[in-house]
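Structure at a glance
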Amino acid sequence: MQITRYLSPQVVRLGMMGGHLDEIDPEKDPEKERIRLKAEVLEELTDLFMQTGQIRNRNKFHHDLVSRERKATTAIGGGLAVPHVRSMQPKAFCMVFARSRDGVEFESPDGEPVHLIFGMAAPSYDERMSTEYLQAYKSIARAFKEEDWLPAALLGAQDEHEIIHLLSGLD
(Lines give C-alpha, C1' and ligand atoms only; values in the text may rest on other atoms or scores of the structure.)
Protein backbone atom coordinates (compact mmCIF):
# COMPACT_ATOMS: atom_id res chain seq x y z
CA MET A 1 0.00 0.00 0.00
CA GLN A 2 1.30 3.42 -0.91
CA ILE A 3 0.85 5.36 2.34
CA THR A 4 1.95 8.64 0.77
CA ARG A 5 -1.37 8.59 -1.07
CA TYR A 6 -2.82 9.73 2.27
CA LEU A 7 -0.10 12.21 3.27
CA SER A 8 0.39 15.76 2.09
CA PRO A 9 2.69 18.50 3.38
CA GLN A 10 -0.13 20.08 5.43
CA VAL A 11 -0.56 16.89 7.50
CA VAL A 12 3.16 16.44 8.19
CA ARG A 13 4.46 18.18 11.33
CA LEU A 14 8.21 18.34 11.74
CA GLY A 15 8.35 19.73 15.26
CA MET A 16 5.96 18.62 17.97
CA MET A 17 5.29 21.49 20.36
CA GLY A 18 4.27 19.56 23.48
CA GLY A 19 4.91 16.30 25.24
CA HIS A 20 8.62 16.79 25.79
CA LEU A 21 10.10 14.91 28.73
CA ASP A 22 12.07 17.94 29.88
CA GLU A 23 8.69 19.55 30.70
CA ILE A 24 8.04 17.15 33.60
CA ASP A 25 7.50 19.13 36.79
CA PRO A 26 9.70 17.50 39.47
CA GLU A 27 7.33 18.80 42.16
CA LYS A 28 4.45 16.72 40.82
CA ASP A 29 3.65 13.01 40.57
CA PRO A 30 5.84 11.67 37.71
CA GLU A 31 3.11 9.32 36.44
CA LYS A 32 0.54 12.12 36.28
CA GLU A 33 3.09 14.29 34.50
CA ARG A 34 3.69 11.59 31.86
CA ILE A 35 -0.07 11.32 31.31
CA ARG A 36 -0.26 15.12 30.95
CA LEU A 37 2.56 15.13 28.40
CA LYS A 38 0.95 12.37 26.35
CA ALA A 39 -2.33 14.31 26.42
CA GLU A 40 -0.47 17.28 24.91
CA VAL A 41 0.75 15.06 22.07
CA LEU A 42 -2.76 13.73 21.43
CA GLU A 43 -4.11 17.32 21.31
CA GLU A 44 -1.51 18.18 18.70
CA LEU A 45 -2.28 15.07 16.68
CA THR A 46 -6.00 15.91 16.78
CA ASP A 47 -5.21 19.36 15.35
CA LEU A 48 -3.14 17.72 12.64
CA PHE A 49 -5.97 15.30 11.81
CA MET A 50 -8.26 18.31 11.43
CA GLN A 51 -5.95 19.50 8.63
CA THR A 52 -6.93 16.42 6.57
CA GLY A 53 -10.44 17.82 6.12
CA GLN A 54 -11.77 14.34 6.90
CA ILE A 55 -12.83 14.79 10.56
CA ARG A 56 -16.42 15.78 11.26
CA ASN A 57 -16.21 16.93 14.90
CA ARG A 58 -12.89 17.79 16.52
CA ASN A 59 -13.96 17.28 20.14
CA LYS A 60 -15.64 13.94 19.52
CA PHE A 61 -12.69 12.74 17.47
CA HIS A 62 -10.24 13.81 20.17
CA HIS A 63 -12.30 11.95 22.76
CA ASP A 64 -12.24 8.80 20.57
CA LEU A 65 -8.48 9.07 20.03
CA VAL A 66 -7.81 9.50 23.76
CA SER A 67 -10.17 6.63 24.64
CA ARG A 68 -8.38 4.35 22.17
CA GLU A 69 -5.01 5.29 23.60
CA ARG A 70 -6.18 4.61 27.17
CA LYS A 71 -6.98 1.00 26.23
CA ALA A 72 -3.35 0.36 25.30
CA THR A 73 -0.52 2.52 24.12
CA THR A 74 0.07 2.59 20.39
CA ALA A 75 3.78 3.26 20.88
CA ILE A 76 5.71 0.35 19.43
CA GLY A 77 9.19 1.06 20.73
CA GLY A 78 12.33 2.14 18.96
CA GLY A 79 11.06 5.73 18.86
CA LEU A 80 7.92 4.87 16.85
CA ALA A 81 4.21 5.23 17.64
CA VAL A 82 1.23 4.51 15.41
CA PRO A 83 -1.83 5.95 17.14
CA HIS A 84 -4.89 4.69 15.32
CA VAL A 85 -8.61 4.83 15.87
CA ARG A 86 -11.80 3.70 14.20
CA SER A 87 -14.51 6.22 14.95
CA MET A 88 -17.71 7.74 13.62
CA GLN A 89 -15.87 11.04 13.14
CA PRO A 90 -13.64 10.39 10.08
CA LYS A 91 -15.41 10.73 6.73
CA ALA A 92 -12.75 8.50 5.14
CA PHE A 93 -9.44 6.87 6.00
CA CYS A 94 -6.83 9.51 6.76
CA MET A 95 -3.25 9.70 7.99
CA VAL A 96 -0.93 12.21 9.59
CA PHE A 97 2.78 12.20 10.38
CA ALA A 98 4.57 14.01 13.19
CA ARG A 99 8.20 14.12 14.21
CA SER A 100 10.01 15.22 17.34
CA ARG A 101 13.78 15.13 17.19
CA ASP A 102 13.95 15.47 20.98
CA GLY A 103 11.26 12.85 21.50
CA VAL A 104 7.91 12.99 23.27
CA GLU A 105 6.25 10.96 26.02
CA PHE A 106 3.97 8.27 24.61
CA GLU A 107 4.17 5.41 27.13
CA SER A 108 6.45 3.40 24.88
CA PRO A 109 7.00 -0.22 25.99
CA ASP A 110 10.78 0.31 25.89
CA GLY A 111 10.43 3.41 28.10
CA GLU A 112 12.11 5.57 25.47
CA PRO A 113 10.77 8.80 23.96
CA VAL A 114 8.89 8.62 20.67
CA HIS A 115 10.35 10.52 17.74
CA LEU A 116 8.18 9.41 14.80
CA ILE A 117 4.39 9.24 14.88
CA PHE A 118 2.13 7.93 12.13
CA GLY A 119 -1.50 8.67 13.01
CA MET A 120 -4.35 6.84 11.31
CA ALA A 121 -8.12 7.20 11.51
CA ALA A 122 -10.88 5.36 9.72
CA PRO A 123 -14.65 5.42 9.88
CA SER A 124 -15.89 2.59 12.10
CA TYR A 125 -18.93 2.07 9.89
CA ASP A 126 -17.04 1.35 6.63
CA GLU A 127 -15.32 -2.04 6.38
CA ARG A 128 -13.57 -1.07 3.13
CA MET A 129 -11.88 1.82 4.93
CA SER A 130 -11.01 -0.48 7.81
CA THR A 131 -9.17 -2.71 5.36
CA GLU A 132 -7.11 0.28 4.15
CA TYR A 133 -6.42 1.15 7.78
CA LEU A 134 -5.02 -2.34 8.46
CA GLN A 135 -3.01 -2.35 5.22
CA ALA A 136 -1.45 1.01 6.10
CA TYR A 137 -0.56 -0.23 9.58
CA LYS A 138 1.10 -3.33 8.10
CA SER A 139 3.00 -1.23 5.55
CA ILE A 140 4.40 1.01 8.28
CA ALA A 141 5.35 -1.93 10.50
CA ARG A 142 7.00 -3.76 7.58
CA ALA A 143 8.93 -0.65 6.50
CA PHE A 144 10.36 -0.09 9.96
CA LYS A 145 11.28 -3.76 10.28
CA GLU A 146 12.91 -4.09 6.87
CA GLU A 147 14.34 -0.63 6.17
CA ASP A 148 17.03 0.07 8.78
CA TRP A 149 17.82 3.44 7.22
CA LEU A 150 14.27 4.80 7.52
CA PRO A 151 14.13 6.19 11.10
CA ALA A 152 17.36 8.16 10.72
CA ALA A 153 16.31 9.43 7.31
CA LEU A 154 12.94 10.64 8.62
CA LEU A 155 14.61 12.29 11.62
CA GLY A 156 17.08 14.04 9.32
CA ALA A 157 14.58 15.20 6.69
CA GLN A 158 14.70 18.95 6.12
CA ASP A 159 11.07 19.54 5.17
CA GLU A 160 7.65 17.96 4.69
CA HIS A 161 8.31 17.21 1.02
CA GLU A 162 11.41 15.21 1.89
CA ILE A 163 9.39 13.16 4.41
CA ILE A 164 6.85 12.32 1.73
CA HIS A 165 9.59 11.54 -0.79
CA LEU A 166 11.29 9.14 1.66
CA LEU A 167 8.02 7.36 2.37
CA SER A 168 7.04 7.20 -1.31
CA GLY A 169 9.87 4.79 -2.02
CA LEU A 170 8.63 2.13 0.40
CA ASP A 171 5.96 0.31 -1.60
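Look a little higher up for the structure.
Residues numbered from 1 in each chain as written. Predicted model: local features only at pLDDT ≥ 70, side-chain atom pairs only at ≥ 80, totals over all residues. Heavy atoms only, no water.

**Notes on the nonpolar core**
Counting 50 residues, the largest nonpolar core has Phe93, Met95, Ile117, Phe118 and Leu154 as its most contacted members. Secondary-structure elements contributing two or more residues to this core are helix 1 (30-50), helix 2 (58-71), strand 3 (80-81), strand 5 (94-104), strand 6 (114-123), helix 3 (127-146), helix 4 (150-156) and helix 5 (160-168). The element contributing the most residues to this core is strand 6, with 7 residues. Setting aside anything within four residues of it in sequence, one finds leucine 154 in contact with Phe97, Arg99, Leu116, Phe118, Phe144, Ile163, Leu166 and Leu167. (Core = buried A, V, L, I, M, F, W, Y, C linked by side-chain atoms within 4.5 Å. Buried < 20%, exposed > 50% of the residue type's maximum accessible area, 1.4 Å probe, protein only. Helix = DSSP H or I, 4+ residues; strand = E, 2+ residues; numbered from the N terminus. Contact = heavy atoms within 4.5 Å.)

**Brief notes about the pairing of strand 5**
Buried residues dominate strand 5, accounting for 9 of its 11 residues. Where strand 1 (residues 12-13) and strand 5 come together, 2 bridges link them in parallel fashion. Pairing of valine 12 across the sheet is with phenylalanine 97, part of strand 5. Two elements, strand 5 and strand 6, share 7 bridges in a ladder whose sense is antiparallel. For phenylalanine 97, the partnering residue across the bridge sits in strand 6 and is phenylalanine 118. (Pairing = 2+ DSSP bridges.)

**A short note on the side chain of threonine 4**
Among the secondary structure elements, threonine 4 is positioned in the segment before strand 1. Within the structure, threonine 4 has its side chain in polar contact with the side chain of glutamine 2 (distance 2.8 Å). Here threonine 4 is in contact with Ile164, Leu167 and Ser168, once residues within four sequence places are set aside. (Polar contact = N/O pair within 3.5 Å; in protein donor to acceptor, adjacent residues only side chain to side chain.)

**Some words on the packing of helix 1 against helix 2**
Running from N to C, helix 1 and helix 2 cross one another at 135°; their axes reach a closest spacing of 10 Å. On the basis of their axis angle, the class for helix 1 and helix 2 is oblique. Seen along the crossing, helix 1 lies across helix 2 with a hand that is right-handed. Residues Lys38, Leu42, Glu43, Leu45, Thr46, Asp47, Phe49 and Met50 of helix 1 form the contact with helix 2, whose own contacting residues are Arg58, Phe61, His62, Leu65, Val66 and Glu69. Partitioned by chemical class, the residues of the contact of helix 1 with helix 2 number 7 nonpolar, 2 polar and 5 charged. (Axes fitted to C-alpha atoms, helices over the stretch in contact; angles between N-to-C directions. Parallel < 35°, antiparallel > 145°, perpendicular 65-115°, else oblique. Left-handed = near helix turned anticlockwise from the far one by under 90°. Nonpolar A, V, L, I, M, F, W, Y, C, P; charged D, E, K, R; others polar.)

**Topic: the packing of aromatic side chains**
Applying the stated criterion across every chain yields a total of 4 aromatic pairs. Ring centres of phenylalanine 97 and phenylalanine 118 lie 4.9 Å apart, and the angle between their planes is 65°; this geometry places the pair in the edge-to-face category. Taken together, the residues span a long stretch of sequence, with phenylalanine 97 in strand 5 and phenylalanine 118 in strand 6 at a distance of 21 residues. On the basis of relative accessibility, which here comes to 1%, the residue phenylalanine 118 falls in the buried class. Ring centres 5.8 Å apart and planes at 75° place the aromatic pair phenylalanine 118 and phenylalanine 144 in the edge-to-face group. A residue pair is termed long-range when its members are at least 10 positions apart, and phenylalanine 118 in strand 6 and phenylalanine 144 in helix 3 qualify at 26 residues. Here phenylalanine 118 matches phenylalanine 144 in class, with each residue buried. (Phe/Tyr/Trp six-rings, centres within 6.5 Å; stacked < 30°, edge-to-face > 60°.)

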